[in-house]
Amino acid sequence: MRIAVTGGAGYIGSHTCVELLGADHEVLILDNFANSERDMVAEIAAIAGKPLDTAEVDLDDRAALGRTLEQFAPEAVVHFAGLKAVGEAMEKPLDYYRVNVTGSLNLLDEMTRIGCERLVFSSSATVYGMPEHVPIPETHPLAPTNPYGQTKLMVERIIEDLGRARPAFSGVSLRYFNPVGAHPSGRIGEAPRGVPNNLMPFVADVAAGVRPQLTVYGDDWDTPDGTGVRDYIHVMDLATAHLAAIDLTGEGPGVRAFNVGSGRGYSVMEMIRAFESGSGREVPYTVSGRRPGDVAITLADPSLAERRLNWRATRDLATMCEDVWRWRSGRGG
Ligand code: NAD
Ligand code: UD1
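Residues numbered from 1 in each chain as written. Chains lettered and ligands numbered in written order. Predicted model: local features only at pLDDT ≥ 70, side-chain atom pairs only at ≥ 80, totals over all residues. Heavy atoms only, no water.

Visitor: Please explain the nonpolar core as it appears in this structure.
Guide: Soluble globular proteins: nonpolar side chains tend toward being buried together. Counting 39 residues, the largest nonpolar core has Val 5, Val 27, Leu 174, Val 260, Leu 309 and Trp 311 as the members making the most contacts within it. Of all the elements in the fold, those that place two or more residues in this core are strand E1 (2-6), helix H1 (11-22), strand E2 (26-31), helix H2 (39-48), strand E6 (170-176), helix H8 (235-249) and strand E11 (254-260). Examining the composition of this core, we find that eight residues originate from one element, H8, more than from any other. Setting aside its immediate chain neighbours within four residues, Val 27 contacts Ile 3, Val 5, Cys 17, Leu 20, Leu 21, Leu 52, Asp 53 and Phe 72. Counting residues in hydrophobic clusters, the runner-up holds 24 residues, among them Phe 202, Met 271, Cys 321 and Trp 325. (Core = buried A, V, L, I, M, F, W, Y, C linked by side-chain atoms within 4.5 Å. Buried < 20%, exposed > 50% of the residue type's maximum accessible area, 1.4 Å probe, protein only. Helix = DSSP H or I, 4+ residues; strand = E, 2+ residues; numbered from the N terminus. Contact = heavy atoms within 4.5 Å.)

If you want it as structure tokens, here you go:
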């Protein structure tokens with residue numbers, strides 16, 4: 001199939017493109033490189049051993065977006081492009097609504113115009129807000145607590161409405177839990193700009209000696225060891241979930257949302273220990289107070305994805321840590 005991938009040069013998009021090429025799809029990346037490097041495209045091609053096309057396009061530029069899509073004539077679109085930092089979204093909400101919501105509207109408009117009816121959208125577990133119970137099934141109330149989460153929920157709803165209006169349309173929203181890991185080649189991975197907000201890239205920086213220590217945000221949570229528990233999912237498992245979702249869009253019209261997580265939780269302390277054994281490095285830490293907005297535990301109920309997508313996470317915590325370390329140690333200081 002011809003598949004257009006918005007944001008395909010980014011962290012999750014790049015790994016997904018490798019898998020798409022591996023499955024013999026023809027891939028076009030549309031990216032403005034606001035949060036990724038142009039070199040990523042060559043890395044993706046090198047890992048896959050196959051070429052792919054790239055168009056430097058901003059989703060804001062509807063004319064250029066339309067021209068590019070028209071020329072490539074994709075049979076399906078995987079839509080990763082967007083902004084994703086919760087803290088930044090609180091400071092610059094309009095940027096988030098513009099890029100994430102208006103950008104998605106532009107994409108859906110142009111897909112509709114060229115008659116492309118299959119979409120896979122990057123949503124987030126953040127659409128659930130504060131979990132009322134764990135594990136979280138897709139039927140859990142949707143109540144995002146920040147503008148980033150609002151944009152994800154809005155786009156999910158826009159896609160649902162489009163599905164109601166267009167009988168041939170088929171869409172899947174994937175609600176990612178906590179993506180971590182890197183491609184086993186060590187050639188692509190997560191490279192946050194500035195100080196990482198998320199645990200795994202911060203731990204990797206500490207192990208690499210770039211930051212002196214990790215701050216653990218609270219050890220008095222209601223969890224077995226008192227530190228926060230999350231459902232970490234290897235980015236390569238996430239990539240294969242997209243392939244399964246694309247296949248599902250080929251089975252017929254309709255719009256669905258799936259959790260993409262492992263259903264297994266790890267605490268901050270377990271992550272530190274696993275990273276120490278995966279890297280052979282020490283990860284010094286101190287414990288501080290809780291981070292505002294944090295919760296004790298988030299955990300996916302991935303059973304719907306297992307049933308309907310015939311997909312499940314297979315890579316364990318040791319693999320996540322080893323793969324992150326291979327990528328991080330290859331990049332130096
Ligand atoms: P990323 O920032 O690495 O990738 C996003 C890509 O989109 C980048 O290459 C960036 O340059 C591009 N982009 C941004 N704005 C654009 C625009 N206006 N036009 C064209 N391209 C644009 O992020 P990621 O971690 O790979 O996340 C991908 C998607 O998954 C995002 O939509 C994000 O919200 C969602 N998501 C990510 C996580 C996570 O923890 N990484 C969790 C849940 C959901
Ligand atoms: C964050 C985002 C969330 C997003 C998710 C997946 C926030 C508030 N939430 O959530 O919207 O869907 O990532 O990308 O940013 N921790 C430390 N020290 C650190 C960093 C994190 O102790 O320096 C702890 C946290 O308190 C938490 C765990 O590690 O218990 C994971 O944190 P993080 O990686 O930021 O993910 P989430 O909190 O799940």
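Visitor: Before we go on, may I ask you to explain the layout of surface pockets in this structure?
Guide: Empty space among the atoms becomes apparent when a probe as large as a water molecule is rolled across them. Taken as a whole, the second largest pocket encloses approximately 250 Å³ of empty space. Looking at the lining of the second largest pocket, the elements that each hand over two or more residues are helix H7 (199-207) and helix H11 (317-330). The element that contributes the greatest number of residues to the lining of the second largest pocket is H7, accounting for four residues. Taken together, the residues of the lining of the second largest pocket sort by class into eleven nonpolar, five polar and five charged. (1 Å grid on protein atoms, 1.4 Å probe; cavity = no way out; pocket = protein on both sides within 12 Å on 5 of 7 lines; lining within 4 Å. Points joined across faces, edges and corners; volume = space filled by probe spheres on them. Nonpolar A, V, L, I, M, F, W, Y, C, P; charged D, E, K, R; others polar.)

Visitor: Got a minute to help me understand the site of ligand 2 in this structure?
Guide: Contacts to ligand 2 come from 18 residues, most closely from Leu 199, Thr 215, Arg 230, Arg 291 and Asp 294. Take Leu 199: an N or O atom from its main chain is 2.8 Å from an oxygen atom of ligand 2. Considered on its own, ligand 2 offers 740 Å² of accessible surface; in the complex 84% of this is hidden by protein. For the shell around ligand 2, the element with the highest residue contribution is strand E8 (residues 214-217), accounting for four residues. Among the residues making up the shell around ligand 2, the classes are represented as eight nonpolar, seven polar and three charged. (Near = heavy atom within 4 Å. Polar contact = N/O pair within 3.5 Å; in protein donor to acceptor, adjacent residues only side chain to side chain. Areas by Shrake-Rupley, 256 points an atom, 1.4 Å probe, with all protein chains shown as cover.)

Visitor: Can you help me understand empty space enclosed by the protein in this one?
Guide: Under the definition given, this model contains one cavity of 30 Å³ or more. Estimates place the volume of the largest cavity at around 30 Å³. In this structure, the largest cavity is lined by His 79, Ala 81, Asn 100, Ser 104, Phe 121, Thr 151, Lys 152 and Val 155. Among the elements of the structure, helix H5 (93-114) and helix H6 (147-165) are those that each provide at least two residues to the lining of the largest cavity.

Visitor: Any chance you could explain the site of ligand 1 here in plain terms?
Guide: With respect to spatial proximity, 26 residues lie near ligand 1, and among them Asp 31, Asn 35, Ser 36, Lys 84 and Tyr 148 are the closest. Within the contact set of ligand 1, an oxygen atom lies 3.0 Å away from a backbone nitrogen or oxygen of Ala 34. Tyr 148 places a polar side-chain atom, nitrogen or oxygen, 2.7 Å from an oxygen atom of ligand 1. In isolation ligand 1 exposes 820 Å². Once the protein is present, 94% of that is buried. Put simply, the parts of the chain that give the shell around ligand 1 at least two residues each are H1, strand E5 (118-124) and H6. Looking at which element gives the most residues to the shell around ligand 1, the answer is E5, with three residues. Of the residues contributing to the shell around ligand 1, the split by class is 13 nonpolar, nine polar and four charged.

Visitor: It is not clear to me how the packing of helix H3 (residues 62-72) against H5 should be interpreted in this structure. Could you clarify?
Guide: For any two helices packed against each other, one specifies the inter-axial angle together with the distance between the axes. For the pair H3 and H5, interaxial distance at closest approach is 10 Å and the crossing angle is 40°. When the axis of H3 is compared with that of H5, the two are oblique. Taken as a pair, H3 and H5 cross one another with a handedness that is right-handed. Contacts between H3 and H5 involve Arg 62, Leu 65, Gly 66, Leu 69 and Glu 70 on the former and, on the latter, Asn 106, Leu 107, Asp 109, Glu 110, Met 111, Arg 113 and Ile 114. Tallied by class, the residues present in the contact of H3 with H5 amount to five nonpolar, two polar and five charged. (Axes fitted to C-alpha atoms, helices over the stretch in contact; angles between N-to-C directions. Parallel < 35°, antiparallel > 145°, perpendicular 65-115°, else oblique. Left-handed = near helix turned anticlockwise from the far one by under 90°.)

Purely geometric stuff here, so don't read any function into it on its own.
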